[in-house]
Amino acid sequence: MGEIDVEVVRKQIKNLHLGVYPPNGRVRVAAPLTVNDDAVRLAVITRLGWIKRQQAKFAAQARQSARSYVSGETHFHLGVPYRLRLLRRDGAPRVRIAADRLELVVPPGSDRDYRERVVQRWQRSELRKRAQALVTSWAEAMALSPPAFGIKRMRTKWGSCNTAANRIWLNLELVKKPPACIDYLVCHEVAHLIEPSHGERFIALMDRHMPRWRVVRAELNREPLGHEEWDH
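In short, a report on the structure. Please read these numbers as outputs of a predicted model, since none were measured by experiment. (Residues numbered from 1 in each chain as written. Predicted model: local features only at pLDDT ≥ 70, side-chain atom pairs only at ≥ 80, totals over all residues. Heavy atoms only, no water.)

1. Considerations on the nonpolar core
Core analysis: the largest hydrophobic core is formed by 30 residues, its most contacted members being Trp-138, Leu-174, Tyr-184 and Val-186. Going through the elements one at a time, α3 (112–141), β8 (148–152), β10 (167–171), α4 (179–192), α5 (200–209) and α6 (213–222) are the ones with two or more residues in this core. Element by element, the count of residues in this core is highest for α4, at eight residues. Counting residues in each nonpolar core, the second largest holds eleven residues, with Tyr-69, Leu-102, Val-119 and Trp-122 among its members. (Core = buried A, V, L, I, M, F, W, Y, C linked by side-chain atoms within 4.5 Å. Buried < 20%, exposed > 50% of the residue type's maximum accessible area, 1.4 Å probe, protein only. Helix = DSSP H or I, 4+ residues; strand = E, 2+ residues; numbered from the N terminus.)

Written out as structure tokens, the structure reads:
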């Protein structure tokens, strides 16, 4: 569409979904099998202004550089920047927060990938503890049985919901964001168990349970993007 490349994926779905994804504003349309190319083209044309605004946001968004997990680097945890202190000692590896430092203890000779795995294992545990209470709380607020949830690294979205399996997924990167952002994301995905689309019913659910959700969503979208080797 002009200078914009659009990826079109056809699925067994009811409604057409258009998304713009980090880090460079990739445009993707998921279209029902019954929707023809002209209808897809029209849907994109009518939202070109929105697409360009989203792409401009990604272009202006701060990005973290690649991390080597060495002393002096800045690492975010729950929205707070910490300076990393690398300690090489015998024994089990561990991570802990000490004042304004994030202490990473690893055995001597541990390479960069090993250090990253230790940090991510700690981050996964921290996010799971926080998310467990939020999933239970939001499910109760929406009169649902608490769904199962998992945590994984996701390249194009903060979370997802599988209504058939009654399971939600959270992006591991969320542990770096402010607590309000994690709260919003869990509320968002639990609401999808009631309404899978982002239509009026979904918006009404979010307005009822989290009146300031748009403000928090904007905050999340302003947060720095993690460094990734993005591959779609």
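2. Here's the deal with helix α1 (residues 37–46)
Since the α-helix advances by 3.6 residues per turn, residues separated by three or four positions end up pointing in the same direction. Taken together, the buried positions of α1 are occupied by Val-40, Ala-43 and Val-44. Summarising the axial view, the buried residues of α1 lie within an arc of 95°, below the 170-degree limit, and thus occupy one face. Seen from the buried face of α1, the exposed residues on the opposite side, beyond 90 degrees, are Asp-38, Leu-42 and Thr-46. The N-cap residue of α1 is Asn-36: its side-chain oxygen and the backbone nitrogen of Asp-38 are 3.2 Å apart. (Arc of directions from axis to C-beta. Polar contact = N/O pair within 3.5 Å; in protein donor to acceptor, adjacent residues only side chain to side chain.)

3. A closer look at the packing of α3 against α4
Running from N to C, α3 and α4 point in directions that differ by 45°, and their axes come no closer than 9 Å. On the basis of their axis angle, the class for α3 and α4 is oblique. Every pair of crossing elements has a handedness; the one defined by α3 and α4 is right-handed. Counted together, Leu-127, Arg-130, Leu-134, Val-135, Trp-138 and Ala-139 of α3 and Pro-179, Ile-182, Asp-183, Val-186, Cys-187 and Val-190 of α4 form the full contact between these two elements. Counted by class, the contact of α3 with α4 contains ten nonpolar, no polar and two charged residues. (Axes fitted to C-alpha atoms, helices over the stretch in contact; angles between N-to-C directions. Parallel < 35°, antiparallel > 145°, perpendicular 65-115°, else oblique. Left-handed = near helix turned anticlockwise from the far one by under 90°. Contact = heavy atoms within 4.5 Å. Nonpolar A, V, L, I, M, F, W, Y, C, P; charged D, E, K, R; others polar.)

4. Overview of the sheet that holds strand β4 (residues 74–77)
An order of β4-β5-β7-β6 is seen for the four strands of this open sheet, with the pairing classed as mixed. The strands lining the two open edges of the sheet, one partner per strand, are β4 and β6 (94–98). Each neighbouring strand pair of the sheet contributes to a mean axis angle of 35°, computed without reference to strand direction. Alignment of β4 against strand β5 (residues 80–88), held across four bridges, turns out to be antiparallel. Looking across to β5, one finds that Phe-76 is bridged to Pro-81. Seen against the sheet, α3 touches β4, β5, β6 and β7 (101–106) and runs at an angle of roughly 125° to β7. (Pairing = 2+ DSSP bridges.)

5. Thoughts on the packing of aromatic side chains
All chains considered together, the criterion is met by zero aromatic pairs. We note Arg-47 situated over the ring of Trp-50; from NZ or CZ to the ring centre the distance is 4.2 Å. Over the ring of Trp-169 we find Lys-152; its NZ or CZ atom is 4.4 Å from the centre of that ring. (Phe/Tyr/Trp six-rings, centres within 6.5 Å; stacked < 30°, edge-to-face > 60°. Lys NZ or Arg CZ within 6 Å of the ring centre and 35° of its normal.)

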